[in-house]
Amino acid sequence: KAGVTQTPRYLIKTRGQQVTLSCSPISGHRSVSWYQQTPGQGLQFLFEYFSETQRNKGNFPGRFSGRQFSNSRSEMNVSTLELGDSALYLCASSSGQRAYEQYFGPGTRLTVT
Amino acid sequence: GIQVEQSPPDLILQEGANSTLRCNFSDSVNNLQWFHQNPWGQLINLFYIPSGTKQNGRLSATTVATERYSLLYISSSQTTDSGVYFCAVETRRDSNYQLIWGAGTKLIIKP
């Protein structure tokens, strides 16, 4: 089985712009979770989508949003970028409901200048 | 909410050495996982271990759920073991499950 893929792998944006990141889960997996990783805050949960519905949400501002398509691919959008949004954004897919079954993609490294 | 603490935060060892990484959690959990993040950012599942002991090659893990800790053992370290090791515990909020992460142990193996 192919693993979780994320595009793009690297991205440079300027403050105020918006960005869309994409994640394709493992075939057959219906759950996609997004995480933000920064040196100062570590790994933080953004949200989870299951069967096109947001099932779980972390404590991030409304500038961070996501969606999931019928083929389980997911996109994450960040509007009005801030310098502090520079981070590694990780996507994880899961076949079921339990969080421990997650498998991670390689991440998208976003730099905001 | 539940707190997950990992120790030590940093560890530098020579190739061939053994190491023990610890994960403490503040409340009972549904289960616990260990991950390795390589220097390129890829997170790899190592163990799903809510209790007991598991072994995979040079790596083994033990979780004592009643005492709220887990240990990851790495024997005969190799330079490819370098990276950050995370433990994450699964908790349930309403009907949804979520992973709560420790801050990680950064391991550097010198040749």
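These notes cover the structure that comes with them. The structure displayed is predicted, hence computed values, not measured ones. (Residues numbered from 1 in each chain as written. Chains lettered and ligands numbered in written order. Predicted model: local features only at pLDDT ≥ 70, side-chain atom pairs only at ≥ 80, totals over all residues. Heavy atoms only, no water.)

1. Topic: the packing of aromatic side chains
One pass over the structure, following the stated rule, counts 9 aromatic pairs over all chains. Ring centres 5.2 Å apart and planes at 65° place the aromatic pair Phe60(A) and Phe64(A) in the edge-to-face group. Here Phe35(B) and Trp101(B) contribute two aromatic rings whose centre-to-centre distance is 4.8 Å and whose plane-to-plane angle is 35°, an arrangement assigned as tilted. Residue Phe35(B) is located in strand E4 (residues 31–37), and its partner Trp101(B) is located in strand E10 (residues 96–101); the two are separated by 66 residues in the primary sequence. When its relative accessible area of 10% is taken as the criterion, Trp101(B) is described as buried. Among the aromatic residues, those joined into a ring-pair cluster are Tyr35(A), Phe45(A), Phe104(A), Phe35(B), Phe86(B) and Trp101(B). In this structure, Arg55(A) is placed above the aromatic ring of Phe50(A), and the distance from its NZ or CZ to the ring centre is 4.2 Å. (Phe/Tyr/Trp six-rings, centres within 6.5 Å; stacked < 30°, edge-to-face > 60°. Helix = DSSP H or I, 4+ residues; strand = E, 2+ residues; numbered from the N terminus. Buried < 20%, exposed > 50% of the residue type's maximum accessible area, 1.4 Å probe, protein only. Lys NZ or Arg CZ within 6 Å of the ring centre and 35° of its normal.)

2. Here's the deal with the state of the cysteines
Residue and element names in this part refer to chain A. Under the definition given, this model contains 2 disulfides over all chains. The disulfide bridge from Cys23 ends at Cys91, spanning 1.7 Å between sulfur atoms. Of this pair, Cys23 sits in strand E3 (residues 19–24) while Cys91 sits in strand E9 (residues 87–94), placing them 68 residues apart in sequence. The exposure class of Cys23 is buried, given its relative accessible area of 0%. (Disulfide = S-S within 2.5 Å.)

3. Details of the sheet that holds strand E6 (residues 52–56) of chain B
Residue and element names in this part refer to chain B. Across the sheet, 5 strands lie side by side as E1-E3-E8-E7-E6; this open sheet has antiparallel pairing. Across the chains shown, the open sheet's two edge strands, defined by having one partner strand only, are strand E1 (4–7) and E6. Taking the axes of each pair of neighbouring strands and ignoring which way they run, one obtains an average angle of 15° across the sheet. With 6 bridges joining them, strand E7 (residues 59–64) and strand E8 (residues 69–74) adopt antiparallel strand pairing. (Pairing = 2+ DSSP bridges. Axes fitted to C-alpha atoms, helices over the stretch in contact; angles between N-to-C directions.)

4. Comments concerning the nonpolar core
Trp34(A), Leu46(A), Met76(A) and Tyr89(A) are the most contacted members of the largest nonpolar core, which has 21 residues in total. For this core, the secondary structure elements donating two or more residues are E3, strand E4 (31–38), strand E5 (42–50), strand E8 (74–78), E9 and strand E11 (108–112) of chain A. When neighbours within four sequence positions are excluded, Met76(A) is seen to be in contact with Val19(A), Thr20(A), Leu21(A), Trp34(A), Leu46(A), Phe47(A), Ser65(A), Gly66(A) and Tyr89(A). Listed in part, the 20 residues of the second largest apolar core include Ile2(B), Phe25(B), Leu32(B) and Trp34(B). (Core = buried A, V, L, I, M, F, W, Y, C linked by side-chain atoms within 4.5 Å. Contact = heavy atoms within 4.5 Å.)

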